[in-house]
Amino acid sequence: MNQPVKQHLIDPEICIRCYTCEMTCPVGAIEHDDNNVVVNFDTCNFCMDCIPVCPTGSIDEWRVVDTPYTLEQQFEMDELPDQEDIAAPAPSSDEGAVDPIAALLAEAHKGAGGKAKAPLTASKPAVNMYNLGKPAKMKVQGNYRLTDDPDHDLRHIILDPGALPFPVLEGQSVGILPPGTDADGNAHLPRLYSISSPRDGERPGYHNISLTVKREEGGLASNFLCDLETGTEVEVTGPFGATFLMPSDPKAHLLLICTGTGSAPMRAFTMQRQRSGATGGMTMFFGARTPQSLPYFGPLKKIPESLMKQHLVFSREAGTDKEYVQDRIIAEQEAIAELLVDEHTYIYICGLRGMEEGVERAMTSIAESMGQQWEALRDTMREDGRYHVETY
Ligand code: A2P
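Residues numbered from 1 in each chain as written. Predicted model: local features only at pLDDT ≥ 70, side-chain atom pairs only at ≥ 80, totals over all residues. Heavy atoms only, no water.

### Digging into the site of the ligand
Consideration 1: The environment of the ligand is made up of 15 residues, and the closest members are His152, Arg289, Ser315, Arg316 and Tyr324.
Consideration 2: In this structure, an oxygen atom belonging to the ligand sits 3.3 Å away from a side-chain N or O atom of Lys322.
Consideration 3: Look at the ligand: alone it shows 560 Å² of surface, and the protein chains cover 83% of it.
Consideration 4: Contributing elements (two or more residues each) for the shell around the ligand: strand S12 (282-288) and helix H10 (353-369).
Consideration 5: When its residues are assigned to classes, the shell around the ligand shows four nonpolar, seven polar and four charged. (Near = heavy atom within 4 Å. Polar contact = N/O pair within 3.5 Å; in protein donor to acceptor, adjacent residues only side chain to side chain. Areas by Shrake-Rupley, 256 points an atom, 1.4 Å probe, with all protein chains shown as cover. Helix = DSSP H or I, 4+ residues; strand = E, 2+ residues; numbered from the N terminus. Nonpolar A, V, L, I, M, F, W, Y, C, P; charged D, E, K, R; others polar.)

Structure below.
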């Protein structure tokens, strides 16, 4: 019989197919087909370089197996297999010896970081309905500039799947396939964008979706998207993502923390809460350079405080001190402390990776002032599906 081994796998339900892990892996152990991203058992050396770069945590999956899952088996998976029962070895007469399989199993289930979970009351998302081999074709219904800052071109792009079923939930993402091929003649990989519209559509009942796109200098997909004209057809994969979702509980309070285009899912959440008449309220910390470069500034200003308390903070506004979201969180620490101990609070962080560290520091200091440990609070919230991070 084979000796049980630890195998690294990727959760196909949670993976958003951004391929960052594949691009990061130093030994080429990660690959994809039209359907899934998978890890080659024979090549993976458990270096863990792929773990922190994954925006969803879908990469942090481990099983102890008698026979490793082949690439072909992994390409076919719609969901991860459960941990199989591994036969325990005969008891050792050597007292105190560590059971190697028990040790492997314990290690396999620990993972490298906390695993995100969907809120208990979240609706069940559809994932990976359209893949590289069978993308959905959507028509551009609109492409609007969101920012007045001439050096900061952010766009609101509306895509219409027409008669194709494309069910989405707020917080999910889609892949956009840029046309053409790379220098080696291969089709470009899709680029991931968060959906910024709610589940029943940018326009209620129309089931169209919107994206928030920042034009990046030299960026292939962002320039393609920002230059799209109405009526053009775009190839779309997805939808992806099964944890960064909102609770259906109307009494839930959402604490939304974002920078720049990280506001996309927050816009979707906010619109869905408005449409559904939820009463639990929201608190938003939104960081941008200036009011002129903050997307959705006008519409945000119209949202009443009873629905959402807003902290719009600016890092480069003339005449005022540079401020980041984490600075304002500290300034508001009493209100945050109250939210942290309320089991109706759901935290969502989306935007620059650097912000995540800043927010962690701010939360650590607030928790300490309450005589609590942030890591313990955060892990409990994450376990309850109440703590969500998507940074890039
Ligand atoms: P700055 O670039 O002035 O340092 P955008 O993507 O639209 O530029 O917005 C990102 C916002 O996030 C900017 O205000 C940017 O400030 C700010 N930012 C940059 N780094 C961090 C960080 N480590 N933590 C929080 N906010 C940050």
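### Examining the UniProt feature "binding site: NADP(+)" (unreviewed entry) in the chain
Consideration 1: Taken from the UniProt record, the annotation "binding site: NADP(+)" (unreviewed entry) applies to Ser194, Lys214, Thr261, Ser315, Arg316, Lys322, Gly351, Leu352 and Glu390. Their sequence span is 197 residues, while the largest C-alpha to C-alpha distance among them is 27.4 Å; these annotated residues do not converge on one region.
Consideration 2: Note that Arg316 resides in the loop between strand S13 (308-314) and helix H8 (325-331).
Consideration 3: You can call Arg316 exposed: its relative accessible area is 55%.
Consideration 4: Setting aside chain neighbours within four positions, we find Arg316 in contact with Arg289 and Thr290.
Consideration 5: Checked against the element boundaries, Gly351 lands in strand S14 (residues 345-351). (UniProt positions renumbered as here; feature names shortened; annotations may be inferred. Buried < 20%, exposed > 50% of the residue type's maximum accessible area, 1.4 Å probe, protein only. Contact = heavy atoms within 4.5 Å.)

### Quick look at the sheet that holds strand S6 (residues 154-160)
Consideration 1: Pairing is antiparallel across the open sheet formed by six strands, whose spatial order is S8-S7-S10-S5-S6-S9. Two strands bound the open sheet, and with one partner strand each, they are strand S8 (191-194) and strand S9 (209-214). Sheet twist, expressed as the mean angle between neighbouring strand axes with direction ignored, is 40°.
Consideration 2: Relative to strand S10 (residues 233-240), strand S5 (residues 136-145) runs antiparallel, the two sharing four bridges. Looking at S10, one finds that Ala136 is bridged to Val236. (Pairing = 2+ DSSP bridges. Axes fitted to C-alpha atoms, helices over the stretch in contact; angles between N-to-C directions.)

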